[in-house]
Amino acid sequence: IRVLPYFPPARRAQQPDSRELARVRRRYSLPDRYFFYPAQFWPHKNHRLIVEALGRLRREGGECPTVVFAGGYADPLRARTFIDVMELAGTLGVGGHVHYLGFVPDRDMPALYSLSAGLVMPTFFGPTNLPPLEAWAFGRPVITTDMPSIRDHLGDGALYVDPRDAGNLARAMRGL
């Protein structure tokens with residue numbers, strides 16, 4: 001038996017040049033500094049924790065980064081999750097720090113990763129999620145869920161957070 005590593009589609013892409021980075025930054029009106037989370041709005045993907053962490057960072061003062069979400073919400077469950085996450089952002093006063101892109105074509109993913117401060121992925125399920133590998137392929141740090149299966153997959157290559165603790169995630173984001 002031979003175990004083959006995951007091979008994310010974005011890894012096959014070349015590093016984006018300065019023209020491509022500028023094109024993607026303009027296309028999506030990206031801020032200078034942001035964290036990236038490409039995930040459908042399923043409840044287990046835990047977008048809510050990211051917004052709660054932004055709320056903590058805002059209350060504590062200092063930098064409150066932007067988080068860029070990419071992914072769809074084409075069915076009732078994901079639509080409800082999307083609405084809840086965006087309403088929470090408004091309630092916590094961080095709506096201006098949540099930038100939603102919708103569906104993003106594969107062509108734009110390398111630049112979205114490359115321009116980011118890192119991937120933030122506090123999902124409740126894993127380890128077959130590919131975004132950490134895509135982030136690494138473009139030299140970006142990873143913040144993700146602390147669970148044995150994900151640690152087995154990512155080793156010491158990530159900052160790990162409790163997917164139920166917004167303070168823990170806020171500290172990791174501030175650390176990056």
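Below you will find a few notes about this structure. (Residues numbered from 1 in each chain as written. Predicted model: local features only at pLDDT ≥ 70, side-chain atom pairs only at ≥ 80, totals over all residues. Heavy atoms only, no water.)

**Observations concerning the sheet that holds strand β4 (residues 118-121)**
The strands making up a sheet are joined through hydrogen bonds of the backbone, oriented either antiparallel or parallel.
For step 1, the next point in the chain: Taken in spatial order, the 6 strands of this open sheet run β3-β2-β1-β4-β5-β6, and their pairing is parallel. Edge strands, defined here as strands with exactly one partner in the open sheet, are β3 (98-100) and β6 (159-161). Between one strand and the next, the sheet's axes are offset by a mean angle of 25°, whatever the strand orientation.
For step 2, the next point in the chain: Taken together, the 2 bridges between strand β1 (residues 34-38) and β4 define a ladder with parallel strand orientation. Among the inter-strand pairings, F36 is bridged to a residue of β4, identified as L119.
For step 3, the next point in the chain: Its contacts with the sheet place helix α2 (residues 47-60) against β1, β2 (66-70), β3 and β4, and it is angled at close to 165° to β2. (Pairing = 2+ DSSP bridges. Helix = DSSP H or I, 4+ residues; strand = E, 2+ residues; numbered from the N terminus. Axes fitted to C-alpha atoms, helices over the stretch in contact; angles between N-to-C directions. Contact = heavy atoms within 4.5 Å.)

**Some points on the pairing of strand β5 (residues 142-145)**
For step 1, the next point in the chain: Looking at chain direction, β4 and β5 are connected through 3 bridges and run parallel. Bridging across to β5, V120 finds its partner in I143.
For step 2, the next point in the chain: Sheet topology places β5 next to β6; 3 bridges connect them, and they run parallel. Following the sheet pairing, T145 is matched in β6 by V161.
For step 3, the next point in the chain: With respect to chirality, the unit in which β5 leads through helix α6 (residues 148-154) into the neighbouring parallel β6 is right-handed. (Right-handed = clockwise from strand over helix to strand, strands pointing away.)

**Structural notes on unusual backbone geometry**
For step 1, the next point in the chain: A positive phi angle is found at S29, which is not glycine, with a value near 50°.
For step 2, the next point in the chain: The topology assignment puts S29 in the loop between α1 (18-28) and β1.
For step 3, the next point in the chain: Non-glycine residue N46 carries a positive phi angle of around 65°.
For step 4, the next point in the chain: Locating N46 in the fold gives a position in the loop between β1 and α2.
For step 5, the next point in the chain: Looking at N46, the relative accessible area reads 7%, which means it is buried. (Buried < 20%, exposed > 50% of the residue type's maximum accessible area, 1.4 Å probe, protein only.)

**What to know about the environment of P16**
For step 1, the next point in the chain: Secondary-structure assignment places P16 in the segment before α1.
For step 2, the next point in the chain: When the C-alpha atoms of P16 and R107 are compared, they prove to be 10.0 Å apart, with 91 residues separating the residues in sequence.
For step 3, the next point in the chain: If we skip the residues at most four places from it in the chain, P16 touches L21, P110, A111, S114 and F138.

**Looking at the environment of A39**
For step 1, the next point in the chain: One can find A39 in the loop between β1 and α2.
For step 2, the next point in the chain: What makes A39 buried here is its relative accessible area of 8%.
For step 3, the next point in the chain: Spatially, the C-alpha atom of A39 lies 9.3 Å from that of T123, the residues being 84 residues apart in sequence.
For step 4, the next point in the chain: Setting aside residues no more than four positions away along its own chain, A39 makes contact with K45, H47, A70 and G71.

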